[in-house]
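# Structure at a glance
Each chain is listed here by its residues.
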Amino acid sequence: MRSTYGTRASICDHFNWTIDYLENGISWAKVQRLMADAPSYDYDDKGEDSKSAKPIKITEQNQEDILKMFQ
């Protein structure tokens, strides 16, 4: 979103906040720090790995295995 209200709507959608909370409940400096520290991912669509990369659905059966990947 390029407009001011589009940016605010995107932030509210990302954090599940209301516009009222964004404008009155949290300082804009804190929001900027949250957005700067947000993780980002660089996807390479041209590489071989992109063909095999598929989203993983977390279920009760595989949740332990997925958590082990991040330890």
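Okay, so let's go over this structure. (Residues numbered from 1 in each chain as written. Predicted model: local features only at pLDDT ≥ 70, side-chain atom pairs only at ≥ 80, totals over all residues. Heavy atoms only, no water.)

## Looking at the packing of aromatic side chains
Considering all chains together, one arrives at 2 aromatic pairs under this definition. For the pair Phe15 and Trp17, a centre-to-centre distance of 4.6 Å together with 20° between the ring planes defines the contact as stacked. With relative accessibility at 24%, the residue Phe15 sits in the partly exposed group. For the pair Trp17 and Tyr21, a centre-to-centre distance of 5.2 Å together with 70° between the ring planes defines the contact as edge-to-face. In textbook terms, an aromatic cluster arises when at least three aromatic residues are bridged by ring pairs, as seen for Phe15, Trp17 and Tyr21. (Phe/Tyr/Trp six-rings, centres within 6.5 Å; stacked < 30°, edge-to-face > 60°. Buried < 20%, exposed > 50% of the residue type's maximum accessible area, 1.4 Å probe, protein only.)

## Considering the nonpolar core
Membership of the largest hydrophobic core is limited to 5 residues, which are Ile11, Cys12, Leu22, Ile26 and Val31. The contact partners of Cys12, leaving out residues within four places of it in the chain, are Trp17, Thr18, Ile19 and Leu22. (Core = buried A, V, L, I, M, F, W, Y, C linked by side-chain atoms within 4.5 Å. Contact = heavy atoms within 4.5 Å.)

## Looking at the pattern of salt bridges
A complete count under the given rule lists 1 salt bridge for this structure. Across the pair Glu23 and Arg8 runs a salt bridge whose closest N-O atoms are separated by 3.0 Å. Placement of the pair is Glu23 in helix α2 (residues 19-25) and Arg8 in helix α1 (residues 4-15), with a sequence separation of 15 residues. (Salt bridge = Lys/Arg side-chain N within 4 Å of Asp/Glu carboxyl O. Helix = DSSP H or I, 4+ residues; strand = E, 2+ residues; numbered from the N terminus.)

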